[in-house]
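Coordinate analysis (summary)
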Amino acid sequence: MSDQTAQPILSVHDLCKHFPIYSQGLLKRQTGNVKAVDHVSFDLTQGKTLGIVGESGCGKTTTGRAILRAINPTSGQVHFRHDGQMVDLAGLSNKQLKPLRRQMQMIFQDPFASLNPRMTVGALVREPLDIYHIGTMKQRTEKVKQILARVGIRPEYSTRYPHAFSGGQRQRIVIARALILQPALIIADEAVSALDVSVQAQVINLLAELKEELNLTMIFIAHDLSVVKHICDEVAVMYAGRIVEKAPTQQLFAAPHHPYTQTLLSAVPNPDPDVPMNLGVTGEVADVGNLPNGCAFHPRCEHCEAICKQTIPAQRHTDNQRLIACHLKPTLDEQSHREHENETANGIQVINQP
Ligand code: SF4
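Residues numbered from 1 in each chain as written. Predicted model: local features only at pLDDT ≥ 70, side-chain atom pairs only at ≥ 80, totals over all residues. Heavy atoms only, no water.

1. Some details on the overall build of the chain
- Looking only at helices and strands, one finds 10 helices and 12 strands in the chain.
- Counting all 354 residues of the chain, 44% fall into the buried class.
- Pairs at least 24 apart in sequence give 62% of the contacts found in the chain among residues at least 6 apart.
- Accessible surface computed for the chain: about 18600 Å², of which carbon and sulfur atoms make up 50%. (Helix = DSSP H or I, 4+ residues; strand = E, 2+ residues; numbered from the N terminus. Buried < 20%, exposed > 50% of the residue type's maximum accessible area, 1.4 Å probe, protein only. Contact = heavy atoms within 4.5 Å. Areas by Shrake-Rupley, 256 points an atom, 1.4 Å probe, with all protein chains shown as cover.)

2. Remarks on the site of the ligand
- Every residue close to the ligand is listed here: His 258, Pro 259, Cys 295, Phe 297, His 298, Cys 301, His 303, Cys 308, Cys 326, His 327 and Leu 328.
- When its residues are assigned to classes, the shell around the ligand shows seven nonpolar, four polar and no charged. (Near = heavy atom within 4 Å. Nonpolar A, V, L, I, M, F, W, Y, C, P; charged D, E, K, R; others polar.)

3. Focus: helix α4 (residues 137–150)
- Taking 1.5 Å of rise per residue, the 14 residues of α4 would be expected to cover 20 Å, and the 20 Å separating its terminal C-alpha atoms lies within 8% of that figure.
- Three or more residues of α4 are buried, namely Arg 140, Val 144, Ile 147 and Leu 148. Buried residues in α4, looked at end-on, bunch into an arc of 100 degrees, giving them a common side.
- Gly 152 sits one or two residues past α4 and shows a positive phi near 90 degrees. (Expected span 1.5 Å × (residues − 1). Arc of directions from axis to C-beta.)

4. Digging into the packing of helix α3 (residues 121–131) against helix α5 (residues 167–179)
- Here α3 crosses α5 at 30 degrees, and the two axes come no closer than 7 Å. Between α3 and α5, the angle falls in the class roughly parallel. The two elements α3 and α5 meet at a crossing, and its hand is right-handed. In contact with Val 121, Leu 124, Val 125, Glu 127 and Pro 128 of α3, α5 contributes Ile 173, Ala 176 and Arg 177.
- Classifying every residue of the contact of α3 with α5 gives six nonpolar, no polar and two charged. (Axes fitted to C-alpha atoms, helices over the stretch in contact; angles between N-to-C directions. Parallel < 35°, antiparallel > 145°, perpendicular 65-115°, else oblique. Left-handed = near helix turned anticlockwise from the far one by under 90°.)

5. Let's talk about the confidence of the model for the chain
- Put simply, the chain has an average pLDDT of 86, and 88% of its residues get 70 or more.
- Long-range and interchain partners of residues 344–354, a stretch whose pLDDT sits below 50, account for 10 contacts in this model, where long-range means more than four residues apart. (pLDDT = per-residue confidence, 0-100.)

6. A look at unusual backbone geometry
- For Arg 69, which is not glycine, the phi torsion reads 60 degrees and is therefore positive.
- Along the polypeptide, Arg 69 turns up in the loop between α1 (60–67) and β4 (75–82).
- Residue classification places Arg 69 among the buried positions, given a relative accessible area of 9%.

7. Notes on the side chain of Thr 249
- Within the element layout of this structure, Thr 249 appears in helix α8 (residues 249–254).
- When near neighbours in sequence (up to four residues on either side) are disregarded, Thr 249 contacts Lys 229, Cys 232, Asp 233, Glu 234 and Val 235.

8. Points about the pattern of salt bridges
- Within this structure, the stated rule accounts for 12 salt bridges.
- Between Arg 154 and Glu 156 there is a salt bridge whose closest N-O contact spans 3.1 Å. (Salt bridge = Lys/Arg side-chain N within 4 Å of Asp/Glu carboxyl O.)

9. Description of the packing of aromatic side chains
- Applying the stated criterion across every chain yields a total of four aromatic pairs.
- Stacked on the ring of Tyr 132, the Lys or Arg Arg 102 has its end atom at 5.7 Å from the ring centre.
- Taking NZ or CZ as reference, Arg 160 lies 3.9 Å from the ring centre of Tyr 157, over its face. (Phe/Tyr/Trp six-rings, centres within 6.5 Å; stacked < 30°, edge-to-face > 60°. Lys NZ or Arg CZ within 6 Å of the ring centre and 35° of its normal.)

10. Description of the sheet that holds strand β5 (residues 85–88)
- Taken together, four strands build an open sheet; the order of strands is β2-β1-β4-β5 and the sheet is antiparallel. A strand with exactly one partner marks an edge of an open sheet, and here the two such strands are β2 (30–45) and β5. In this sheet, neighbouring strand axes are inclined to one another by 25 degrees on average, regardless of whether the strands run parallel or antiparallel.
- For strand β1 (residues 8–22) and β4, the ladder comprises five bridges, and the chain directions are antiparallel. In the sheet register, Ser 11 faces β4, and the bridge partner there is His 79.
- Sitting on the sheet, α1 touches β1, β2 and β4, and the angle it makes with β1 is about 115 degrees. (Pairing = 2+ DSSP bridges.)

11. Here we look at the environment of Val 268
- Here Val 268 lies in the loop between α9 (259–266) and β11 (316–317).
- Note on Val 268: relative accessible area 27%, which makes it partly exposed.
- Taking the C-alpha atoms as reference, Val 268 lies 7.0 Å from Ser 226; in sequence the two are 42 residues apart.
- If we ignore the near neighbours within four places in the chain, the residues touching Val 268 are Leu 225 and Ser 226.

Pasting the structure below:
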């Protein structure tokens, strides 16, 4: 029997979301596209968490929304494992999508906006069970109590309204609501960005515990790399709608390869007051409605060469687990070729450099 956990639960291939730009005036001709998400591909296996990071406007939230079909992708495939089969979500009608939606839940950034202030916490957490007619009312109420207790909210508070809770408690309620249907996939979009730093740590720890306990598969979207480091197994760095580097979390943080990842990581604050502060990437974020030729990062890249201004770098493997889109990074094949040449020339064993 095949190992289901080793197979992708989600396989995104060449996903694009382009928004048309129209001219002013009566005719309103299409003059271009905002390439919010451009040829994004990745696989995600059961129980793993993929972090998607990048500056505001890089396309990370749009990627999450296009995967869940909250917006319709322009092109590409989003294969999702359902009843042992891979189903392309991008090609399904809304009616066909409905039974799959309970398998995919989203946790939004703002816990104040994502909870209806007129509903009690108990009713809010129970609502997904009501919509899908799962269990009797007694069973639903019992399930609500259990899940509230698990996320650290006292079940007797279920008759209270959202305004009676702090930001951190509200995000716990949002997590309870997302988990009550036992989804196969959770997309957490800047789930802790609106919270105080001390509360952020509590919510991150809760998500990390739930991930282990329930074998959750998650996409964790964030602009804060220090948050991603604690919860993700793999990280994809996005710039101007594309993934520019993807690697296992430890490898990415230990040795970032792409110039954009390097500058993002160097801007993470260091608690040591003697370490000088780096203000991060300089220059303007690329305008996805009017991208420069070649590599979209080239106007901000200190390693930019002539080819960078002409050709968009293809995504390539630089080692077995790392993908990168940069002209100046050799591929795995090029590295082994160079090593072989050095070995032949010097008669010595060359150790592979990171
Ligand atoms: Fe910099 Fe060129 Fe690599 Fe783009 S392709 S990140 S401009 S070195």
